[in-house]
Amino acid sequence: MKRTVHFGAGNIGRGFIGALFSKSGYHVTFVDIAEKVIDKLNAEGTYQVKLATEKHESETISNVSGLNNLHQEKEVMDEIAKASYLTTAIGPNILPRIAPLISKGIENRILETDEPLYVIACENQIGATDILKGHIMDHLSDEVKSKLEGKVYFFNSAVDRIVPIQEQDSLDVLVEPYYEWVVEADVSIPPVNGMTIVPDLAPFIERKLFTVNTGHAVIAYLGYLKGKTTIDETLADESIAEQVRETLKETGAYLIKQYGLDEKEHLAYIEKNIERFKNSYLNDGVTRVGRAPMRKLGPDDRLIRPTTEAQKAGLSYSNLAKAIAAALLFDHPEDQEAVEIQNMIKENGVPYVLKEVSGLDEKSPITAEIIHQYEELKS
Ligand SMILES: NC(=O)C1=CN([C@@H]2O[C@H](COP(=O)(O)OP(=O)(O)OC[C@H]3O[C@@H](n4cnc5c(N)ncnc54)[C@H](O)[C@@H]3O)[C@@H](O)[C@H]2O)C=CC1
Ligand SMILES: O=P(O)(O)OC[C@H]1O[C@](O)(CO)[C@@H](O)[C@@H]1O
């Protein structure tokens, strides 16, 4: 049986990427640090992916097992030696932590086989696989690096499926029916049902990140400010739904200009995604979707990048500025990054945060607009 190694047995790991591999005839070895999940995977060897629909359809995912990367290094390396793919869905900030073990696995593998290994990071970040590759390379000797050609391939990808936080005592995962996994590959690779191969990922990942993720973030931050709990509950507020639409028209104007998208089709894509967000069966929390605001306020992420691009192109960005202001007001005490941002604001003010976290010049018109929106939202 074909084999694959997937780092991160969480929502996207079990509910999306691992499930696609399993259904394509692979044995999936999940690598994680969550002991309970690993034990359950090994004990049960199967779980259900349940669709968030009225009918609650479900599929059985089998041929799965688990390893703990903290104390099963050798076993993980052995699996990497046998795998066709190595994927991750672990969170962009964790990639540097798993890179040393992946490097060891690759070093060991290329002594044993010339079969190619395809590495794909499935994270919400532009160029996530390039970032992972950089960390892996830092741990490889020049001799090993010189032997990688034709043996280890790194492909960037865009992953899209809404998977909310799950019940803790079960391996089963509730997911939305929709999914899209786009991989930028320039060679022919073993088929995985549900994977779409493209020659240039940029339009796909930017369209996804600056529509699905920007839209989701706007709902989460405005919903949090209005005391809402879930995404669908927030969208039921017409004024927020309209604000989401207006923000996505701003990112849309940039995307249409940048990639020559058809305007009508793109507006339909926006509406399709707003409908996805309304799915009440997901019961998706605003604090999950708004999580990690420091990452989300990064220069290349879903809020800042479309804003700086819109400004450069002479397009409007006041709704995006409002979304950024709302993110700066996300003071959720259980989110470490939110707490950090609030402390930075208290100590040094909003312009400092925008400079340090988002790379925005204190004198830029974008900063001025965000501060204006921030004061309005606060009052
Ligand atoms: N949940 C969603 O709807 C979507 C998530 N994504 C992206 O997928 C990635 C994963 O997100 P989720 O699955 O939602 O998160 P999650 O928190 O459900 O899963 C992450 C998994 O990584 C494991 N982990 C953390 N540190 C680790 C380490 N050092 N070594 C091994 N395992 C470790 C955790 O135990 C957890 O099982 C993120 O980059 C996210 O942006 C992308 C599209 C949709
Ligand atoms: O860690 P992040 O970037 O919030 O990723 C999860 C987000 O990605 C999405 O799945 C969109 O694909 C949203 O459901 C979710 O908010």
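Quick caveat: nothing in here was measured; it's all calculated off a predicted structure.

Peer 1: What exactly am I supposed to notice about the sheet that holds strand S9 (residues 157–160) here?
Peer 2: Backbone-to-backbone hydrogen bonds join strands into a sheet, with any given pair of strands oriented parallel or antiparallel. Reading across from one edge, S9-S11-S12 is the order of the three strands in this open sheet, with mixed pairing throughout. The strands lining the two open edges of the sheet, one partner per strand, are S9 and strand S12 (195–198). On average, adjacent strands in this sheet sit at an angle of 20 degrees to one another, irrespective of strand direction. With four bridges joining them, strand S11 (residues 180–184) and S12 adopt parallel strand pairing. Bridged to Glu184 within S12 is Val198. Across the sheet, helix H7 (residues 202–225) lies against S9, S11 and S12, angled at about 35 degrees from S9, the strand it touches most.

Peer 1: Got a minute to help me understand the site of ligand 2 in this structure?
Peer 2: Around ligand 2 lies a shell formed by Asn124, Asp160, Ile162, Val212, Asn213, His216, Val289 and Arg291. Looking at the shell around ligand 2, the element that brings in the most residues is H7, giving three residues. Class assignment of the residues belonging to the shell around ligand 2 gives a composition of three nonpolar, three polar and two charged. When residues of the shell around ligand 2 are assigned to domains, at least three map to each of domain 1 (2–198) and domain 2 (202–378).

Peer 1: Got a minute to help me understand the packing of helix H9 (residues 238–259) against helix H10 (residues 263–277) in this structure?
Peer 2: Packed helices, taken two at a time, are described by the angle their axes make and the gap between the axes. Contact geometry for H9 and H10: axes closest at 10 Å, N-to-C directions at 145 degrees. When the axes of H9 and H10 are compared, the crossing they make is right-handed. On H10, the residues touching Ala241, Val244, Arg245, Leu248, Gly252, Leu255 and Ile256 of H9 are Glu263, His266, Leu267, Ile270 and Ile274. The residue makeup of the contact of H9 with H10, split by class, is eight nonpolar, two polar and two charged.

Peer 1: Would you take a moment to explain the sheet that holds strand S3 (residues 46–51) for this structure?
Peer 2: Spatially, the three strands line up as an open sheet ordered S4-S3-S10, and their pairing is mixed. One side of each edge strand has no neighbouring strand; the edge strands of this open sheet are strand S4 (58–62) and strand S10 (173–175). Strand-to-strand twist of the sheet, defined as the mean angle between neighbouring strand axes without regard to direction, takes the value 25 degrees. Here five bridges tie S3 to S4, and the two strands are oriented antiparallel to one another. The residue of S4 that forms the bridge with Tyr47 is Ile61. On the sheet, helix H1 (residues 11–23) packs against S3, S4 and S10 and is oriented at approximately 85 degrees with respect to S10.

Rules of the game
Residues numbered from 1 in each chain as written. Chains lettered and ligands numbered in written order. Predicted model: local features only at pLDDT ≥ 70, side-chain atom pairs only at ≥ 80, totals over all residues. Pairing = 2+ DSSP bridges. Helix = DSSP H or I, 4+ residues; strand = E, 2+ residues; numbered from the N terminus. Axes fitted to C-alpha atoms, helices over the stretch in contact; angles between N-to-C directions. Contact = placed C-beta atoms within 7 Å. Near = placed C-beta within 6 Å. Nonpolar A, V, L, I, M, F, W, Y, C, P; charged D, E, K, R; others polar. Domains from an automatic or database assignment. Left-handed = near helix turned anticlockwise from the far one by under 90°.

Limitation: the analysis is restricted to geometry and does not speak to function.
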